[in-house]
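# Observations on the three-dimensional arrangement
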Amino acid sequence: MDDQTSVILSRYPRGHRDCLIPILQDIQQEYGYLSESSVTEISRYLGLPSSKIFGLATFYNQFRFEPRGRFHIRICHGTSCHVSSASEIIKELGKKLRIAPGEISRDGMFSLELVACMGACHLAPLMQVNDNYHTKLDSGSINDIIDSYIEGED
Amino acid sequence: MIVQIEVNNKIIKARKGETIMSALSSAGIMIPSICSMKDFTPTGACRMCVVEVEGRQGLVPSCSQPVSEWMNIKTHSPRVVKSRKTIVELLLSNHPDDCLYCERNGNCELQILAEELNVRERRIMGKKNKYKLDHSSPSIVRDPAKCILCGRCVRVCEEKLSVFAIDFVNRGNRTLIGTAFNKDLNFSSCINCGQCIMVCPTGALFEKDSLPEIEDALNNPEKTVIVQYAPSVGVSLAEEFGIRQGKDISGLINAALRKIGFDRIFDTAFAADIAVVEMANELLSLKGNKDRRPLISGSCPAWVKFAEQWYPDLLPAMSSCKSPQQILGAILKSRYPGVSGIDAATVYSVAVAPCTAKKFEAQREEMTKKGLSDIDAVITTRELAKLIKLYGIDMNQIEPEAADEPYGIRSSAGKLFGASGGMAEGIIRSLPYAAGAKEPSRIKYQELRGGRGRKEAEIRIGKTTYRFAVINGMSDAVNLIEEIQAGKCEYDFIEIMACAGGCVNGGGQPIGTGDNAVRTRVKALYGIDEKETIRCAHKNPEIKELYDNYLGSPMSEKCKSLLHTSYSERKVLL
Amino acid sequence: MSLKTHIPVEKEYLVNNVLLNESADLPADVDKLLKLVCREKVKYPVIFIGTGSCGLISGAGETLFEINKYLSDRNLKADVVETGCAGYCSMEPVVGVQLPGKTRVSFKNITSEKLAFILDGMFNSIIPEEHVLGQYKSPSLELWKDVPIISELSFFSMQYRNLMKNWGRISPFSIEEYIATGGYRSYLKTISNYTHEEVCDIVEKSGLQGRGGGGFLTGKKWKVAHTVMADQRYLVCNADESDPGGFANRAMIESDPHRLLEGVIIAAYAIGTSKAYIYIRNDYRNAIERLEKAVDSARDYGLLGHDVYGSGFNIDVIIRKGPGAFVCGEETAMISSIEGKRGMPRPKPPYPAVSGLFGKPTVVNNVETLSNIPAIFENGPDWFMSLGNETSPGTKMLVLSGRLNNQGIIEVPLGTRVKDIIFGAGGGIPGKKRFRAVQVGGPSGGFLTGDNIDIPYDFDSLASEGVYMGSGGMVVLDQDCCIIDTVKYFMDFIQKESCGKCIPCREGTRRMLEVYENITKRPLDENGHTTLERFKGVMQLESLASVIKDTSLCGLGQKAPNSVISSLKYFRSEYEEHIFDRKCSAGVCKELRLFYIDVEKCTGCTACAPKCPESAIIGTKHHPFFIVEEKCTGCGICYDVCKFSAVLVK
């Protein structure tokens with residue numbers, strides 16, 4: 001068993017299904033995603049079939065089954081952002097990165113996530129790249145922002 | 001306590017605490033439902049069962065709402081009917097338009113609802129979800145496009161079978177029923193029992209079709225096509241042809257199979273007699289051996305896979321005796337050609353089973369000898385009905401015929417294999433003889449019959465008592481296994497059947513023939529037993545002949561190589 | 001970033017002299033000390049910075065860094081206090097400066113580069129006027145001249161701040177400051193003086209209704225759960241706020257987490273449970289951090305745990321992070337989620353108050369409901385009753401966003417007229433644009449427009465307009481916003497967030513979305529897009545909406561069609577325009593726009609033609625160009641690139 005996984009599991013009592021979500025959250029925090037092997041470990045620890053764990057994890061927005069990109073983009077699609085043309089920004093971003101929300105770019109650099117509302121409506125539309133916020137976006141600035149991340153990595 | 005409620009302006013009586021739906025059904029009012037299942041708590045998912053209750057804002061699901069005194073209910077008001085109809089139309093808007101090609105055409109709950117609610121126009125249109133068929137399993141095909149997400153399969157798999165192979169995956173209109181990590185069913189913990197098929201309202205789940213290969217074999221003049229049918233098929237096939245429920249039509253089946261063109265026809269119950277003798281002797285040989293107690297039956301292939309996946313430590317306790325289907329298959333490809341003068345290489349062996357897991361069992365590596373499998377194709381009771389219809393045979397007009405000789409005789413003990421407890425009862429009947437005592441003191445074991453989850457009986461031979469247990473349905477096995485693992489188990493022999501009720505309620509049996517059907521099937525089997533003169537397996541003259549002239553004594557080396565097998569741990573995503 | 005907050009008292013002192021002192025008035029010396037704790041008087045300059053999420057997103061993190069740098073560079077002695085948001089989000093980052101003896105002055109939009117200028121001025125007692133937001137009035141402190149009083153600003157003047165009273169004022173990290181403002185005293189008084197039933201009675205008498213939107217009497221709900229025989233009960237606080245445009249609960253936790261916590265434990269006492277869960281949306285990292293800190297300090301102060309101060313009351317608070325599903329705001333779904341299952345609602349009855357979490361009686365209350373509790377016990381139920389109007393007592397937090405001058409979170413007495421909120425606190429529509437509608441209550445809510453915005457904001461009045469209070473979101477739309485597009489947005493949200501359990505919601509919401517997609521799409525091929533088909537789709541909307549409302553399993557589905565129904569009621573002409581004229585006068589539905597080139601203005605510069613993704617623009621250089629209507633998808637690129645304003649919308 002993976003050391004880190006067992007450390008995480010040991011923080012929770014065995015066989016308690018109500019700990020499933022906190023465990024998945026910790027595992028994802030550690031590895032960035034939920035792998036088949038970690039689900040199998042959890043399944044054994046909680047005595048809960050992996051189909052149930054997979055069924056639960058796919059229900060919630062938070063859980064993912066593939067790693068995040070080096071730059072994880074969370075773009076807000078709240079009401080305020082929407083009336084400030086966030087849909088256009090999302091489209092533009094999809095075109096630029098060639099990925100749809102929930103996907104990761106082939107080089108593993110970017111992953112995109114749609115967020116219901118980040119609660120900064122006065123700065124709409126906005127997005128978060130790793131820990132940085134970019135606000136009052138338009139289709140021009142979005143390209144520059146992405147380019148700056150690409151250049152930064154080179 | 002009785003309360004009065006007003007339904008469609010008429011006062012009816014209802015029991016306090018019962019649901020509206022149950023009160024209505026006692027009053028003769030049918031309320032449609034998709035997700036509700038007998039003996040399961042309501043989930044309230046499908047919303048088909050809504051009714052109008054005075055004073056309530058929205059419509060109320062009758063499946064989960066308890067009645068209360070003077071509740072005023074409208075069951076078929078325009079508002080209710082419109083809602084139900086719209087719900088069906090919504091389902092249809094995301095459903096493939098291929099009823100004519102569908103497995104369940106004519107026996108589909110969605111089709112019936114659409115008809116009952118007079119859906120005659122495609123009003124609601126939109127994008128449909130696209131899925132691929134899952135053909136991976138040897139037993140079960142999944143067509144998620146036809147799935148209406150009622151969740152019955154998930155609940156049966158979980159609550160009745162304790163298998164948890166499938167669950168709801170994703171959310172909203174992207175929801176589907178899937179295995180862990182959306183793998184193909186074959187990689188999952190599915191035990192192939194087919195109970196999910198039995199509860200599926202549509203054609204989203206059905207057995208893997210084996211008819212084409214059988215037709216090919218029938219059409220091939222080089223092949224000798226031999227068929228056997230399981231004990232419970234004889235008492236359930238009648239339902240598919242509108243013949244009286246619970247009638248044993250084995251004679252008609254023989255006739256029909258012969259008309260179709262099968263070269264030889266046998267009743268699997270003959271091999272069940274062999275299985276009884278083998279297991280009785282296996283049990284005797286183990287008595288006193290504390291390490292190998294209890295002996296657990298391995299005739300149910302769904303149970304076998306269950307054990308291989310979850311309880312590999314239990315496998316040494318599993319009886320090595322093959323199932324009757326595989327025993328007969330082995331004999332038909334070894335001894336039978338010599339007896340009948342057929343070239344063994346031309347034999348194509350078909351089994352008709354009430355079960356989908358039998359398709360899986362026939363494909364197991366352990367069930368082959370020198371690259372030849374004991375059984376070449378397995379079809380379910382339902383497929384047999386299709387085959388008979390395909391060949392245009394009118395079951396109401398033909399005359400019964402006998403099965404082929406030799407192996408045409410079977411004891412009624414072998415026939416009992418079709419019902420839960422039947423195998424154990426058969427072994428008890430033959431155990432005294434195998435132990436050297438001549439006659440069984442008792443034939444009927446009422447305590448092993450019926451629908452309880454665990455049944456027990458014991459028999460004393462000389463100074464030794466043999467304790468038998470019968471597990472009726474997979475979910476009841478888990479407790480017992482825990483007892484075994486804890487060393488608390490006092491049984492000598494345990495019969496385990498995955499499907500509640502045994503093979504009569506298998507996943508390959510007719511669908512939608514009503515709750516009563518299973519009961520009448522069981523009754524028919526016990527009825528056969530009552531009328532039979534040979535009621536113990538060891539008294540079957542033909543198996544005596546087979547042992548004397550070919551197999552030697554029970555549990556001989558010959559028997560072991562032909563009729564016995566072994567199991568090993570199976571790695572799947574649990 | 002170190003917190004240099006100076007607390008002049010010890011834990012033991014606060015416990016013995018404040019928390020355990022049951023008299024209404026505290027001795028003068030204690031009172032004086034408490035005033036120091038909550039900085040009514042300061043010895044050193046104090047710099048406040050709002051580091052709620054809205055502040056951080058606006059750049060408060062950088063500003064805070066700059067503050068610390070500024071102080072250490074100059075070797076200045078000053079307290080730096082991180083507060084939550086004061087509600088006025090569009091002014092973030094807000095920096096406050098309080099000099100000894102003087103009132104506290106707040107400055108707006110202080111991004112890091114402006115910081116030095118502000119502090120330079122303030123440390124020399126010169127107010128940098130152009131950045132001033134206002135000053136907080138205090139009886140004992142000297143006012144700055146010519147600086148507006150914060151509470152008199154239009155954004156604040158109509159508010160009644162009870163829940164939000166500490167927002168931006170005290171540090172959310174400091175339990176001492178919360179205690180100094182009177183916190184946790186009602187809790188300890190309650191558990192030592194009242195029985196469970198009495199607590200339920202008081203809350204019932206206050207008339208407090210669930211702020212999650214249902215409007216059910218909170219005290220009544222508690223009573224049910226308390227009366228059911230059980231060996232264990234649970235309290236669940238719903239902090240899974242996931243509505244787009246609703247973030248008042250998050251701000252509540254970020255600004256004053258102890259108020260919520262105190263409410264949670266009083267409620268737990270009322271229903272007689274020793275275990276309370278706070279189910280908070282996992283995305284709310286900042287809020288979770290502050291809540292965890294609050295729970296830790298409350299435990300440290302002995303306010304949580306076994307036999308709290310000898311009362312015999314045991315209480316533990318567990319924080320559960322909601323992994324993201326809108327439907328988990330529904331109580332039975334939330335319960336499933338805490339149990340470690342897919343967050344799918346189940347039919348009621350049995351109600352959670354009878355059989356909820358792990359099959360035990362469970363009360364699910366929302367953050368705002370529970371945050372109201374401490375003040376009810378501090379000031380009495382009659383006081384609470386006197387706020388708001390007859391049908392809806394108390395105040396309500398609202399989130400103002402969209403096309404408004406002032407955006408942020410406000411608290412007003414229930415019954416305040418919607419119009420006053422928009423044009424008073426909200427400051428009206430920017431840029432002299434015309435008001436079109438206000439979308440109330442998020443995805444489950446609906447529209448108000450015209451005369452209807454004159455109604456009081458309370459449960460009954462909104463319900464009679466078919467609008468649902470929901471999360472308290474208010475998104476204002478002006479003439480440049482398209483109603484159809486907004487409804488489409490909400491339908492898209494709901495169909496994505498539908499749990500998929502019941503058929504009407506799962507299948508119905510997506511079919512409704514498709515109708516909207518149809519009528520906002522350019523009919524490039526006539527198949528399925530004929531006017532008749534489009535019209536039929538809209539006719540179907542009404543029928544679908546009524547069935548979904550009537551038959552869905554949970555509130556999410558039952559309320560899903562609300563925005564459809566209310567938009568059909570008030571904006572029929574807009575539907576007709578989209579269907580028959582294939583036009584969106586707001587210009588939002590891009591695919592319906594048709595562009596043409598004004599031959600008079602076009603110089604033939606060729607800027608547009610190569611940019612057109614559909615190659616729909618043809619022409620010869622130096623001659624006016626032409627747009628082929630059949631090819632044009634209305635993307636608007638030509639419109640954006642034309643330097644001569646020659647591209648026009650038809």
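Residues numbered from 1 in each chain as written. Chains lettered and ligands numbered in written order. Predicted model: local features only at pLDDT ≥ 70, side-chain atom pairs only at ≥ 80, totals over all residues.

## Let's talk about the overall build of chain A
Looking only at helices and strands, chain A features 7 helices and 4 strands. Shown N-terminal to C-terminal, the secondary structure of chain A runs as helices and strands in the order α-α-α-α-β-α-α-β-β-β-α. For chain A, the spread of C-alpha atoms along the three principal axes comes to 50 × 35 × 25 Å. Long-range pairs, those at least 24 residues apart, make up 61% of the contacts in chain A between residues at least 6 apart in sequence. (Helix = DSSP H or I, 4+ residues; strand = E, 2+ residues; numbered from the N terminus. Contact = placed C-beta atoms within 7 Å.)

## A word on the overall build of chain C
What chain C contains, in helices and strands, is 26 helices and 18 strands. Whereas a compact globule of 650 residues would reach a radius of gyration of roughly 26 Å, chain C reaches 28 Å, a difference of no more than 12%. In terms of principal-axis extent, the alpha carbons of chain C reach across some 85 × 65 × 40 Å. Going through the 650 residues of chain C one by one, you find that 56% of them count as buried. Once local pairs closer than 6 in sequence are excluded, the contacts in chain C between residues at least 24 apart make up 71%. (Rg over C-alpha atoms; globule rule 2.2 N^0.38 Å. Buried ≥ 20, exposed ≤ 12 C-beta atoms within 10 Å, placed from the backbone.)

## Overview of the packing of helix 4 (residues 60-74) of chain C against helix 5 (residues 112-123) of chain C
Residue and element names in this part refer to chain C. With their axes 8 Å apart at the nearest point, helix 4 and helix 5 run at an angle of 40° to one another. What the angle tells us is that helix 4 and helix 5 run oblique. Relative to helix 5, the crossing made by helix 4 is right-handed. The segment helix 4 lies against helix 5, with E62, T63, E66, I67 and Y70 engaging S112, L115, A116 and L119. (Axes fitted to C-alpha atoms, helices over the stretch in contact; angles between N-to-C directions. Parallel < 35°, antiparallel > 145°, perpendicular 65-115°, else oblique. Left-handed = near helix turned anticlockwise from the far one by under 90°.)

## Considering the domain arrangement of chain A
Along its sequence, chain A is carved into domain 1 (3-59) and domain 2 (71-153). Taking the mean C-alpha position of each, domain 1 of chain A and domain 2 of chain A sit 30 Å from one another. (Domains from an automatic or database assignment.)

## Some thoughts on the interface of chain C and chain A
Listed per partner, the contact involves 36 residues of chain C and 30 residues of chain A. For the side of chain C that touches chain A, the secondary-structure elements that each account for two or more residues are helix 3 (53-58), helix 14 (331-338), strand 10 (395-402), strand 14 (473-478) and helix 20 (483-497) of chain C. Looking at the side of chain C that touches chain A element by element, the count peaks at 4 residues for helix 3 of chain C. For the side of chain C that touches chain A, a count of residues per class yields 14 nonpolar, 15 polar and 7 charged. (Nonpolar A, V, L, I, M, F, W, Y, C, P; charged D, E, K, R; others polar.)

## So, the domain arrangement of chain C
Each assigned domain of chain C is listed here: domain 1 (11-153), domain 2 (183-384), domain 3 (395-481), domain 4 (484-581) and domain 5 (593-649). Put simply, the middle of domain 2 of chain C and the middle of domain 5 of chain C, counted by C-alpha atoms, are 60 Å apart.

## A word on the confidence of the model for chain C
Of the residues in chain C, 98% reach a pLDDT of 70 or more, and the chain-wide mean stands at 92. Scoring the predicted complex yields pTM 0.93 and, for the interface, ipTM 0.93. (pLDDT = per-residue confidence, 0-100.)

## Observations regarding the environment of R519(B)
Of note, R519(B) is situated in helix 16 (residues 515-531). Separated by 321 residues in sequence, R519(B) and M198(B) place their C-alpha atoms 16 Å apart.

## Focus on the sheet that holds strand 18 (residues 464-472) of chain B
Residues and elements named next belong to chain B. Read from one edge to the other, the open sheet built from 4 strands follows the order 12-19-18-17, with strand pairing classed as mixed. The open sheet has two edge strands with one neighbour each: strand 12 (295-296) and strand 17 (454-461). Two elements, strand 18 and strand 19 (residues 493-497), share 5 bridges in a ladder whose sense is parallel. In the strand pairing of strand 19, F468 is matched with F493. Contacts between helix 14 (residues 422-434) and the sheet are confined to strand 17, strand 18 and strand 19, with strand 17 contributing the most and set at about 5° to the helix. (Pairing = 2+ DSSP bridges.)

## A look at the interface of chain C and chain B
The interface of chain C with chain B comprises 29 residues on the first partner and 31 residues on the second. Every element with two or more residues in the side of chain C that touches chain B is listed here: helix 20, helix 21 (503-519) and helix 22 (531-551) of chain C. By residue number, the principal contributor to the side of chain C that touches chain B is helix 21 of chain C, which donates 8 residues. Here the side of chain C that touches chain B is built from residues that sort into 10 nonpolar, 7 polar and 12 charged.

## With respect to the packing of helix 2 (residues 78-92) of chain B against helix 21 of chain C
To describe two helices that pack against each other, one gives the angle between their axes and the distance between the axes. The N-to-C vectors of helix 2 of chain B and helix 21 of chain C enclose an angle of 65°; their axes lie 9 Å apart at closest approach. Note that helix 2 of chain B runs across helix 21 of chain C; the crossing there is left-handed. Contacts between helix 2 of chain B and helix 21 of chain C involve I87(B), L90(B) and L91(B) from the former and I503(C), P504(C), E507(C), G508(C) and R511(C) from the latter. Across the contact of helix 2 of chain B with helix 21 of chain C, the residue classes tally to 5 nonpolar, 1 polar and 2 charged.

## Focus: the nonpolar core
If you look at the biggest cluster of nonpolar residues, it comprises 414 residues, and the most contacted ones within it are A498(B), V236(C), C237(C), V264(C), I265(C), A267(C) and V438(C). At 12 residues, the largest contribution of residues to this core is made by helix 8 (residues 269-286) of chain B. Discounting residues that sit within four places of it in the chain, V438(C) has contacts with V418(C), I422(C), L448(C), I453(C), M474(C), V475(C), V476(C) and L477(C). Core analysis: the next-biggest nonpolar cluster, separate from the first, contains 14 residues, I627(C), C638(C), C642(C) and A646(C) among them. (Core = buried A, V, L, I, M, F, W, Y, C linked by C-beta atoms within 7 Å.)

## Description of unusual backbone geometry
Put simply, E405(B) and P406(B) share a cis peptide bond, and its omega is -15°. In the segment running from P349(C) into P350(C), the intervening peptide bond is cis, with an omega of 0°. Within the element layout of this structure, P350(C) appears in the loop between helix 14 and strand 9 (362-366). Positive phi, normally seen in glycine, also occurs at F164(B), with a value near 60°.

## Topic: helix 15 (residues 475-485) of chain B
Residues and elements named next belong to chain B. Taken as a whole, helix 15 has its buried residues at A477, L480, I481 and I484. Buried residues of helix 15, seen end-on, are gathered within an arc of 105° and therefore sit on one face of the element. Of the residues in helix 15, the exposed ones pointing more than 90 degrees away from the buried face are N479 and E482. Elements that come into contact with the buried residues of helix 15 comprise strand 17, strand 18 and strand 19. One or two positions beyond helix 15, positive phi appears at G487, with a value near 70°. (Arc of directions from axis to C-beta.)

## A closer look at helix 12 (residues 381-390) of chain B
An α-helical segment advances 3.6 residues per turn. Residues three or four places apart therefore align on the same side. Residues and elements named next belong to chain B. Burial analysis of helix 12 places 7 of its 10 residues in the buried class, the great majority of the element. Among all positions of helix 12, only T381, R382, E383, L384, A385, L387 and I388 are buried. Packed against the buried residues of helix 12 are strand 9 (205-207), helix 6 (211-219), helix 7 (250-260), strand 13 (347-353) and strand 16 (377-380). Immediately beyond the C-terminal end of helix 12, within one or two residues, lies G392, with a positive phi of roughly 65°.

## Points about the sheet that holds strand 13 of chain B
All names here are of chain B. The 4 strands are arranged 11-10-13-16 in an open sheet whose pairing can be described as parallel. Of all the strands in the sheet, the pair left with one neighbour each is strand 11 (264-267) and strand 16. Shown here is a sheet whose adjacent strand axes are inclined to one another by a mean of 20°, direction ignored. Note that strand 10 (residues 224-229) and strand 13 share 6 bridges and pair parallel. Note on strand 13: the bridge partner recorded for V225 is Y348. The sheet strands contacting helix 6 are strand 10, strand 13 and strand 16, and the helix crosses strand 16 at an angle near 120°.

## Describing the confidence of the model for chain A
Across chain A, the average pLDDT comes to 91, with 99% of residues at or above 70. For chain A, per-element mean pLDDT is lowest for helix 5 (residues 79-83) of chain A, which scores 84, and highest for helix 4 (residues 50-59) of chain A, which scores 97.

## Concerning the environment of T40(A)
Turning to its location among the elements, T40(A) is positioned in helix 3 (residues 36-46). The spacing of T40(A) and I53(A) is 13 residues in sequence and 9.2 Å in space, taken between C-alpha atoms.

## Some words on the environment of F247(C)
Along the chain, the position of F247(C) falls in the loop between strand 6 (234-239) and helix 11 (248-255). As for F247(C) and G50(C), which are separated by 197 residues in sequence, their C-alpha atoms are 16 Å apart. In this view, F247(C) contacts C117(A), G119(A), E241(C) and V399(C); residues no more than four positions away in its chain are not counted.

## With respect to the pairing of strand 18 of chain B
Residues and elements named next belong to chain B. One ladder, built from 8 bridges, connects strand 17 with strand 18; its direction is antiparallel. If you follow A457 over to strand 18, its bridge partner there is F468. In this fold, strand 18 hands off to helix 15, which returns the chain to strand 19; that crossover is right-handed. (Right-handed = clockwise from strand over helix to strand, strands pointing away.)

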